[in-house]
Amino acid sequence: MTLAWRHLLRALYLETSTPGTPKTCPSPKGAFWTSVAKLGLHTKPSMPPCDFTPERYQSLAYDRVLEIHKQHLSPVLTAYFSEPLLLHQGHMEWLFDYEGNRYLDFFSGIVTVSVGHCHPKVNAVAQKQLGRLWHTSAVFFHPPIHEYAEKLSALLPEPLKVIFLLNSGSEANDLAMLMARAHSNNTDIISFRGAYHGCSPYTLGLTNVGFYKMELPSGMGCQSTMCPDVFRGPWGGSHCRDSPVQTIRKCSCASDCCQAKDQYIEQFKDTLSTSVAKSIAGFFAEPIQGVNGVVQYPKGFLKEAFELVRERGGVCIADEVQTGFGRLGSHFWGFQTHGVLPDIVTMAKGIGNGFPMAAVVTTPEIAKSLAKRLLHFNTFGGNPMACAIGSSVLEVIKEENLQENSQEVGTYMLLKFAKLRDEFEIVGDVRGKGLMIGIEMVKDKTSRQPLPREEVNQIHQDCKRMGLLIGRGGTFSQTFRIAPSMCITKPEVDFAVEVFRSALIQHMERQAK
């Protein structure tokens, strides 16, 4: 079903349904929404319809899954919720668990499912390629890699035209680090505090989120600098962000200047003067920080920072793993929203709609610098399956106007959530752009102290219980991350906002008791 028809279906739903009428996809265990009683004094929000019936679950029992996980899989606790969600099937913006319960996925596999779970066109292309050719490695040519390279390069400005294909964002940032050092003949690389650029031994040096730091040495030659966070940082005001929603902090800046930006630039200069060599290899930046809770920088900051880095002989790397492929709405790439041109761009996640795929795009000059020093090789990078799927993702984004949808629906959602910030004292900040949104939870707006984790956990759990899946981020896991597939519609946003509001009301009632 095309996006236009799906919009129409939901519009008709809003006109014809009544608040008391439960709506659900058929499921093996019956209607999910009718099975849950009222929560306190508040009726559970009515879930929009979908046109898909999941298959009946016939795999491992839930207790057996938990047992196997405990015995044979990583002991690192990564799963959300005290009772982890066991998912069975997905369709566009919807997920279904082993009991047939339906959920609206507003985190898209950690900002990865760009065009929708099991999108029909992407599925068809994958199945066709699966029956033709899976793998060759880089020692042989195959048409899908060349077709994809031509399509991807057309979406990037000159001189970003040389593409290295890989399998994950960590791999992409690993390679970008190597490129920066090979080209500059320098070692030091700077990244923001709060940055997440991967969890490999190399990229752990760039990643500056406490959960991912080790006592053992890793990522040598990496230095952190202050994150220009206009909500939680020392400076910020009411004109700083490239977003429909600004921080509630006040400032005396005119709309065309930003004192906070100037203050943060001074901190960046201080890092260059004290923490790195006179000549550096490069600077990594996410256009919007993802894992740190959708943190946006002051307008104009990256442009000045890039100039300072280049004065030191370094190259500038834009990590588009979460922000790329139209998610931010106004532009296809996040770096374009800052008015900058990087020397290297890394990308993953949404590039393959969940299929393992990544890329590094750079200039011919930097690519040649790497080639002179290293016979770079990647066994699975650019395999026929990944490239066929990657091409179909680009086609769907264009054919279904998903970048434009991100802009329209994302702005609509940001403004809706901003009203909740005005309504609830514990909602400290709402921020973001397009379909990448952060909601930071606080004890109160004056102190901006993070809401305790156990309270945030309960709100998170309540959202899941009402059928909404959202992510978490921030230094204290205090920020809800919202990044649905780009096929999302306004009625689904209305449902999500109402669920979140209900969860906040339930939280306030618990605190009152």
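Here the structure is a predicted model, which means the values were calculated and not measured.

Looking at the environment of L272
Right, on to step 1. On the secondary structure map, L272 appears in helix α7 (residues 259–274).
Right, on to step 2. Owing to a relative accessible area of 4%, L272 belongs among the buried residues under this scheme.
Right, on to step 3. Along the backbone, L272 and I190 are 82 residues apart, and their C-alpha atoms lie at a distance of 8.8 Å.
Right, on to step 4. Contacts of L272, omitting those with residues within four sequence positions, involve I190, I280, L308 and R312.

Focus: the confidence of the model for the protein chain
Right, on to step 1. The pLDDT averaged across the protein chain works out to 92; a share of 92% of its residues lies at or above 70.
Right, on to step 2. Note that residues 8–40 has pLDDT below 50 and, in this model, 55 contacts with residues that lie over four places away or in other chains.

Thoughts on the sheet that holds strand β12 (residues 436–441)
Right, on to step 1. The four strands lie next to each other as β11-β12-β15-β14, forming an open sheet whose pairing is antiparallel. Of all strands in the sheet, those bounded by a partner on one side alone are β11 (427–433) and β14 (471–473). Each strand axis lies, on average, 25 degrees off the axis of its neighbour in the sheet, ignoring direction.
Right, on to step 2. Here β14 pairs with strand β15 (residues 479–482) via three bridges, running antiparallel. Among the inter-strand pairings, R472 is bridged to a residue of β15, identified as F480.
Right, on to step 3. Seen against the sheet, helix α12 (residues 453–465) touches β12, β14 and β15 and runs at an angle of roughly 160 degrees to β14.

Section: the environment of L206
Right, on to step 1. Tracing the sequence through the fold places L206 in the loop between β5 (189–192) and β6 (222–225).
Right, on to step 2. When the C-alpha positions of L206 and G329 are compared, they lie 27 Å apart, and in sequence the two are 123 residues distant.
Right, on to step 3. With residues near it in sequence (within four places) discarded, L206 still touches M177, I189, S191, A195, H197, C222 and F284.

Concerning helix α5 (residues 143–153)
Right, on to step 1. The set of residues buried in α5 consists of P144, Y148, L152 and S153. In a view along the axis of α5, the buried residues occupy a sector of 145 degrees, so they form one face of it. Those residues of α5 that are exposed and angled more than 90 degrees off the buried face are P143 and E150.
Right, on to step 2. The inward-facing, buried residues of α5 abut α4 (120–130), β4 (162–166), β9 (344–347), β10 (358–362) and α10 (384–399).

Notes on the sheet that holds strand β3 (residues 102–105)
Right, on to step 1. Taking strand neighbours across the sheet as the criterion, the four strands line up as β1-β2-β3-β13 in an open arrangement whose pairing is mixed. Whereas interior strands pair on both sides, the edge strands pair on one side only; in this sheet they are β1 (87–91) and β13 (468–469).
Right, on to step 2. As paired strands, strand β2 (residues 94–97) and β3 are joined by three bridges and run antiparallel to one another. Within β3, the residue paired with L95 across the bridge is Y103.

Quick look at the packing of aromatic side chains
Right, on to step 1. Applying the stated criterion across every chain, the model contains 19 aromatic pairs.
Right, on to step 2. Aromatic side chains F268 and F283 sit 5.0 Å apart centroid to centroid with 65 degrees between the ring planes, which places their arrangement in the edge-to-face category. Of the two residues, F268 is situated in helix α7 and F283 in strand β7 (residues 282–285); the sequence distance between them amounts to 15 residues. Each member of the pair, F268 as well as F283, carries the same accessibility label: buried.
Right, on to step 3. Ring plane angle 85 degrees and centroid distance 5.8 Å describe the contact between F417 and F500, whose orientation is recorded as edge-to-face. Remark: F500 occurs in helix α13 (residues 490–512) and F417 occurs in helix α11 (residues 402–423); sequence separation between them is 83 residues.
Right, on to step 4. Residue classification places F417 among the buried positions, given a relative accessible area of 2%.

A few points about the pairing of β11
Right, on to step 1. Counting buried residues along β11, seven of its seven residues qualify, which places the element largely inside the surrounding structure.
Right, on to step 2. Looking at chain direction, β11 and β12 are connected through six bridges and run antiparallel. Counted as the bridge partner of V427 is M441 from β12.

Remarks on the pairing of strand β8 (residues 315–319)
Right, on to step 1. Counting buried positions over the five residues of β8 gives five, a clear majority of the element.
Right, on to step 2. Of the two faces of β8, both are covered, the one formed by V315, I317 and D319 as well as the one formed by C316 and A318.
Right, on to step 3. With four bridges connecting them, β7 and β8 associate as parallel partners. Within the sheet, the bridge partner assigned to A285 lies in β8 and is A318.
Right, on to step 4. With three bridges joining them, β8 and β9 adopt parallel strand pairing. Directly across from I317, in β9, lies its bridge partner I344.

What to know about the side chain of D188
Right, on to step 1. Here D188 is to be found in the loop between α6 (169–184) and β5.
Right, on to step 2. No salt bridge is formed by the buried D188; its nearest oppositely charged neighbour, R181, is found at 6.2 Å.
Right, on to step 3. Looking at D188, its side chain comes within polar contact range of the main-chain nitrogen of A277, at 2.8 Å.
Right, on to step 4. Ignoring any residue separated from it by four or fewer positions in sequence, one finds D188 in contact with G221, V276, A277, I280, A281 and G282.

Cut-offs applied
Residues numbered from 1 in each chain as written. Predicted model: local features only at pLDDT ≥ 70, side-chain atom pairs only at ≥ 80, totals over all residues. Heavy atoms only, no water. Helix = DSSP H or I, 4+ residues; strand = E, 2+ residues; numbered from the N terminus. Buried < 20%, exposed > 50% of the residue type's maximum accessible area, 1.4 Å probe, protein only. Contact = heavy atoms within 4.5 Å. pLDDT = per-residue confidence, 0-100. Pairing = 2+ DSSP bridges. Axes fitted to C-alpha atoms, helices over the stretch in contact; angles between N-to-C directions. Arc of directions from axis to C-beta. Phe/Tyr/Trp six-rings, centres within 6.5 Å; stacked < 30°, edge-to-face > 60°. Lys, Arg positive; Asp, Glu negative; His and termini not counted. Salt bridge = Lys/Arg side-chain N within 4 Å of Asp/Glu carboxyl O. Polar contact = N/O pair within 3.5 Å; in protein donor to acceptor, adjacent residues only side chain to side chain.

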